[in-house]
Number of protein chains: 4
Amino acid sequence: MTETSEPQMSRIQQKNRDLILHGALEAFSANGLRGATIDQIARSAGLSKPNVLYYFGSKDEIHKALLTTLLEMWLAPMQQIDPDGDPLSEVLRYMRAKLMMSQDYPRESRLFAHEILQGAPHLTEILGGGLREIVDRAAGVLQGWMDQGRLAPVDPRHLIFSIWSMTQHYADFEAQVRAVLGPGRDPIDEGGVFLDNLYRKLLTP
Amino acid sequence: MTETSEPQMSRIQQKNRDLILHGALEAFSANGLRGATIDQIARSAGLSKPNVLYYFGSKDEIHKALLTTLLEMWLAPMQQIDPDGDPLSEVLRYMRAKLMMSQDYPRESRLFAHEILQGAPHLTEILGGGLREIVDRAAGVLQGWMDQGRLAPVDPRHLIFSIWSMTQHYADFEAQVRAVLGPGRDPIDEGGVFLDNLYRKLLTP
Amino acid sequence: MTETSEPQMSRIQQKNRDLILHGALEAFSANGLRGATIDQIARSAGLSKPNVLYYFGSKDEIHKALLTTLLEMWLAPMQQIDPDGDPLSEVLRYMRAKLMMSQDYPRESRLFAHEILQGAPHLTEILGGGLREIVDRAAGVLQGWMDQGRLAPVDPRHLIFSIWSMTQHYADFEAQVRAVLGPGRDPIDEGGVFLDNLYRKLLTP
Amino acid sequence: MTETSEPQMSRIQQKNRDLILHGALEAFSANGLRGATIDQIARSAGLSKPNVLYYFGSKDEIHKALLTTLLEMWLAPMQQIDPDGDPLSEVLRYMRAKLMMSQDYPRESRLFAHEILQGAPHLTEILGGGLREIVDRAAGVLQGWMDQGRLAPVDPRHLIFSIWSMTQHYADFEAQVRAVLGPGRDPIDEGGVFLDNLYRKLLTP
DNA sequence: TATGAATGAGTTTTCATTCAT
DNA sequence: AATGAATGAAAACTCATTCAT
């Protein structure tokens with residue numbers, strides 16, 4: 001969560017930037033870009049409102065910086081799919097990694113969900129066509145395995161969509177999941193079992 | 001989309017309520033509750049701002065009324081799962097119905113997505129435990145089929161989550177889906193094929 | 001000071017617009033565009049701040065509307081120079097008219113002075129090249145008279161500048177004029193005598 | 001432009017004060033007292049904002065110091081009117097000197113214009129009645145010449161106003177002058193010819 | 001001297017809501 | 001039923017100034 005490209009940044013500055021981004025994650029993930037206020041962010045970061053704007057020029061900039069900062073981490077698991085690994089294991093490992101992110105970083109998941117729901121204006125600006133290239137690479141690996149008969153043939157991009165949607169569902173729609181399951185259950189743990197089975201059946205050649 | 005509990009409502013009143021709800025769907029689905037403004041809704045409905053508030057006392061009330069109005073339609077497909085039908089066909093039919101809703105009613109899908117992302121404060125109020133009961137019934141049907149060996153055994157509630165998440169993904173995350181697939185493709189059509197295969201493999205006993 | 005091009009405007013709306021423009025003239029002429037606050041304008045107009053913005057969308061818009069509203073009146077005297085009149089009388093009449101405007105409308109004079117000092121960003125937008133054409137016409141008339149030997153030959157545009165600067169000086173630099181002359185004198189009355197003599201001597205062929 | 005009353009000031013201090021005053025002239029002349037920001041001044045001076053305030057305690061003080069610093073230079077030409085010189089030559093020389101200041105120091109001219117437009121609060125404080133005395137002296141010289149029949153009789157103070165207004169017009173209202181004359185002309189050069197002629201005709205006895 | 005950091009007091013603007021008719 | 005007019009409360013920013021080092 002630290003920015004290292006601009007070297008001249010003091011300890012305290014770095015710390016405050018992180019406090020702000022942390023508060024912003026809290027606010028934006030709960031209320032969306034428009035619904036969050038700089039006041040919330042400032043309070044959550046323990047700073048004054050103008051001080052927040054001293055570090056980031058505007059609310060939009062905080063939002064953009066937050067997305068930028070988190071994007072890499074968000075996309076990392078997919079880039080770790082190993083073309084030389086065992087196909088099914090690799091897919092299951094990717095699914096598990098995404099599911100763990102819903103567990104460990106639900107706010108990040110919701111942040112991206114909000115952004116994409118609105119048409120992803122900031123993400124598009126940040127990513128350019130970058131997302132597509134990343135997905136294309138992973139899809140290529142998957143397609144290769146299918147061509148080799150090591151994985152049952154399905155559309156690799158829709159396979160990826162399915163992993164995204166099902167794993168993130170546990171974070172983004174947590175309120176609903178809890179309402180349906182009732183108390184005393186571990187949605188993500190159960191989801192792991194369900195999804196493991198699902199992808200084994202779907203992809204075993 | 002009409003409200004029938006208060007009988008004395010003129011034709012024109014009814015029409016204006018519908019216009020407002022229509023405009024509200026447009027605004028709320030695109031920008032969320034906080035991001036949408038009454039001005040947008042009024043403009044989209046072709047009415048004046050105070051007139052909008054004459055029909056519904058506040059922005060929150062419009063939102064609540066909209067959710068209420070759409071909820072039944074939103075949950076209808078699940079209630080149409082027929083215990084006496086063919087298990088796999090029933091599940092696939094349900095999945096298809098949900099997928100078609102992403103195609104035909106993407107704004108409704110995003111409206112609910114926004115609401116649940118925020119913790120579903122209004123929905124909880126409206127539904128009480130209603131959602132749970134509805135899901136419990138469907139889950140009971142599914143479980144029965146599994147117990148009879150007519151469907152491969154999986155957790156029925158997580159099965160339902162998977163259908164929700166994957167089908168709604170095409171509406172809620174449309175921006176991302178389009179960015180990944182590029183132009184000239186029909187995401188939902190392709191998704192139908194993918195999901196049909198997925199659930200056949202998952203659920204065939 | 002009333003706007004007649006948009007007919008559907010109620011009595012009260014018209015009155016409030018005028019109140020606002022009046023308050024804006026007060027504030028802008030004294031403090032300039034940046035120095036004046038909407039609060040000042042609102043107080044001076046006896047309205048609430050948001051109500052001021054209900055009539056004009058922003059501070060800039062008020063300023064622009066004010067300049068637009070006053071521009072015609074401001075340029076009127078020059079357009080009344082009569083090609084068929086007596087040359088010297090016409091020039092003197094124009095000078096007198098401008099001088100009277102410094103007497104009767106000093107705030108308007110200062111408003112334009114502020115705007116032009118800043119490089120006339122709004123005026124340029126409003127006028128386009130309009131000012132030049134208006135001056136060209138008057139300069140043409142003056143030049144004609146000079147060519148006929150009815151007026152001593154001088155550069156007509158600089159003649160116009162001299163009239164502008166000297167007459168407006170009594171409004172724009174009033175503080176200095178008063179400081180130099182001391183109390184108990186009538187600067188504009190004396191200025192009239194001085195300028196009358198000046199232009200007679202300058203222009204009598 | 002240097003301040004000599006406080007003797008212990010290092011070379012570097014002196015240089016920074018000058019840098020600040022230079023930046024302040026830039027900012028204040030373009031935007032007025034309220035419109036200019038310390039940030040602008042600091043950036044223009046190449047110093048940090050708090051450092052600017054280390055040299056001058058407040059924005060107002062910078063402004064006051066700037067006016068004070070420039071005032072002497074601004075009034076110098078009038079004090080150089082030589083009672084023993086040739087009357088017409090002296091007046092023309094003064095007018096030319098003022099006109100050259102519009103050419104060489106337009107920002108200084110605009111700075112004073114802004115200040116006087118606002119009612120000259122700072123100048124009054126600085127000058128006390130000083131301006132009046134200076135003008136009184138010059139007016140006395142002029143009046144003497146008129147009494148001797150060496151200059152046509154006019155009100156000497158209004159004569160001075162006329163010189164001020166017409167010469168400064170080329171700096172203060174430059175935007176307008178350029179808009180009227182169009183490109184490719186030298187306003188001040190032409191103005192010199194015009195004003196030379198004007199004052200010869202006005203003042204030749 | 002010098003400055004990065006911080007902030008209180010504005011200032012513009014937005015917006016849900018109310019008022020008067 | 002309907003709306004032009006109005007506003008309080010908030011929200012995003014700005015900026016002169018101060019603090020700590």
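These numbers were taken from a predicted model, which means no experiment stands behind them.

Trainee: Can you walk me through the interface of chain A and chain B in this structure?
Mentor: Interface size is commonly expressed as the accessible area that is lost once the parts come together. Contacts between the two partners involve 50 residues from chain A, matched on the other side by 49 residues from chain B. Roughly 4500 Å² of surface becomes buried between chain A and chain B when both sides are summed, with 66% attributable to carbon and sulfur atoms. On the surface where chain A and chain B come into contact, there are two salt bridges. Among the salt bridges present, the one from Arg185 of chain A reaches Asp155 of chain B, with a minimum N-O distance of 3.3 Å. Remark: the boundary between chain A and chain B carries 11 residue pairs in polar contact (both at pLDDT 80 or more). Looking at the side of chain A that touches chain B, the elements that each hand over two or more residues are helix 1 (11-35), helix 6 (106-117), helix 8 (130-147), helix 9 (156-172), helix 10 (174-181) and helix 11 (187-203) of chain A. Classifying every residue of the side of chain A that touches chain B by side-chain character gives 26 nonpolar, 15 polar and nine charged.

Trainee: Please clarify how the side chain of Ser162 of chain C should be interpreted in this entry.
Mentor: The residue Ser162 of chain C is located in helix 9 (residues 156-172) in this model. Setting aside residues up to four positions removed in sequence, Ser162 of chain C forms contacts with Tyr199 of chain C together with Met166 and Phe194 of chain D.

Trainee: What is the right way to look at the side chain of Gln176 of chain C in this model?
Mentor: Structurally, the position occupied by Gln176 of chain C is in helix 10 (residues 174-181). Once you skip the residues sitting within four places of it in the chain, Gln176 of chain C turns out to touch His169 of chain C together with Ile116, Leu131 and Trp164 of chain D.

Trainee: Honestly, the UniProt feature "domain: HTH tetR-type" (unreviewed entry) in chain A in this entry has me stumped. Any pointers?
Mentor: Look at the UniProt record and you will see "domain: HTH tetR-type" (unreviewed entry) annotated at residues 14-74 of chain A. Annotation note: span residues 14-74 of chain A, helix share 87%, strand share 0%, distance between end C-alpha atoms 21 Å.

Trainee: I tried to follow the packing of helix 9 of chain C against helix 9 (residues 156-172) of chain D on my own but got confused; where do I start?
Mentor: The relative placement of two packed helices is expressed as an angle between their axes plus a distance between the axes. Contact pair helix 9 of chain C / helix 9 of chain D: the axes reach a minimum separation of 9 Å and the direction vectors enclose 120°. When the axis of helix 9 of chain C is compared with that of helix 9 of chain D, the two are oblique. Our pair here, helix 9 of chain C against helix 9 of chain D, has a crossing hand that is right-handed. Here His158, Phe161, Ser162, Trp164, Ser165, Met166, His169 and Tyr170 of chain C of helix 9 of chain C come into contact with helix 9 of chain D, specifically with His158, Phe161, Ser162, Trp164, Ser165, Met166, His169 and Tyr170 of chain D. For the contact of helix 9 of chain C with helix 9 of chain D, the residue count by class is eight nonpolar, eight polar and no charged.

Trainee: Quick question: what am I supposed to make of the pattern of salt bridges here?
Mentor: When the charged atoms of two side chains with opposite charge come close together, those side chains can pair. This structure, assessed with the given rule, holds 48 salt bridges over all chains. One salt bridge connects Arg157 of chain B with Asp136 of chain B, and the closest N-O pair in it is separated by 2.9 Å. Remark: Asp136 of chain B occurs in helix 8 (residues 130-147) and Arg157 of chain B occurs in helix 9 (residues 156-172); sequence separation between them is 21 residues. Looking at Arg157 of chain B, the relative accessible area reads 18%, which means it is buried. Between Arg107 of chain C and Glu26 of chain C there is a salt bridge, and its shortest N-O distance comes to 2.5 Å.

Trainee: Sorry if this is basic, but what is going on with the relation of the copies chain A and chain B here?
Mentor: Mapping between the two chain copies consists of a rotation about an axis together with a translation along that axis. Rotating chain A by 179° and translating it 0.0 Å along the rotation axis places it on chain B, where the RMSD comes to 0.2 Å. Both chain copies can therefore be described as sitting about a two-fold axis.

Trainee: Is there a simple way to think about the packing of aromatic side chains in this case?
Mentor: Enumeration over the complete set of coordinates arrives at 16 aromatic pairs over all chains. Summarising the aromatic geometry, the rings of Phe161 of chain C and Tyr170 of chain D are spaced 6.2 Å apart at their centres and angled 90° between planes, so their arrangement reads as edge-to-face. Remark: Tyr170 of chain D occurs in helix 9 and Phe161 of chain C occurs in helix 9; the pair is interchain, linking two chains. Like Tyr170 of chain D, Phe161 of chain C is buried. Here the aromatic rings of Trp74 of chain D and Phe112 of chain D are separated by 5.2 Å at their centres, their planes lie at 20°, and the arrangement is stacked. Residue Trp74 of chain D is located in helix 4 (residues 59-79), and its partner Phe112 of chain D is located in helix 6 (residues 106-117); the two are separated by 38 residues in the primary sequence. Residues Trp74 of chain D and Phe112 of chain D agree in their burial class; the two are buried. The ring of Trp74 of chain A carries Lys98 of chain A above its face, with NZ or CZ at 4.3 Å from the centroid.

Reading the values: rules and limits
Residues numbered from 1 in each chain as written. Chains lettered and ligands numbered in written order. Predicted model: local features only at pLDDT ≥ 70, side-chain atom pairs only at ≥ 80, totals over all residues. Heavy atoms only, no water. Contact = heavy atoms within 4.5 Å. Buried area = accessible area lost by both parts, 1.4 Å probe. Salt bridge = Lys/Arg side-chain N within 4 Å of Asp/Glu carboxyl O. Polar contact = N/O pair within 3.5 Å; in protein donor to acceptor, adjacent residues only side chain to side chain. Helix = DSSP H or I, 4+ residues; strand = E, 2+ residues; numbered from the N terminus. Nonpolar A, V, L, I, M, F, W, Y, C, P; charged D, E, K, R; others polar. UniProt positions renumbered as here; feature names shortened; annotations may be inferred. Axes fitted to C-alpha atoms, helices over the stretch in contact; angles between N-to-C directions. Parallel < 35°, antiparallel > 145°, perpendicular 65-115°, else oblique. Left-handed = near helix turned anticlockwise from the far one by under 90°. Buried < 20%, exposed > 50% of the residue type's maximum accessible area, 1.4 Å probe, protein only. Least-squares fit on C-alpha atoms with pLDDT ≥ 70 in both. Phe/Tyr/Trp six-rings, centres within 6.5 Å; stacked < 30°, edge-to-face > 60°. Lys NZ or Arg CZ within 6 Å of the ring centre and 35° of its normal.

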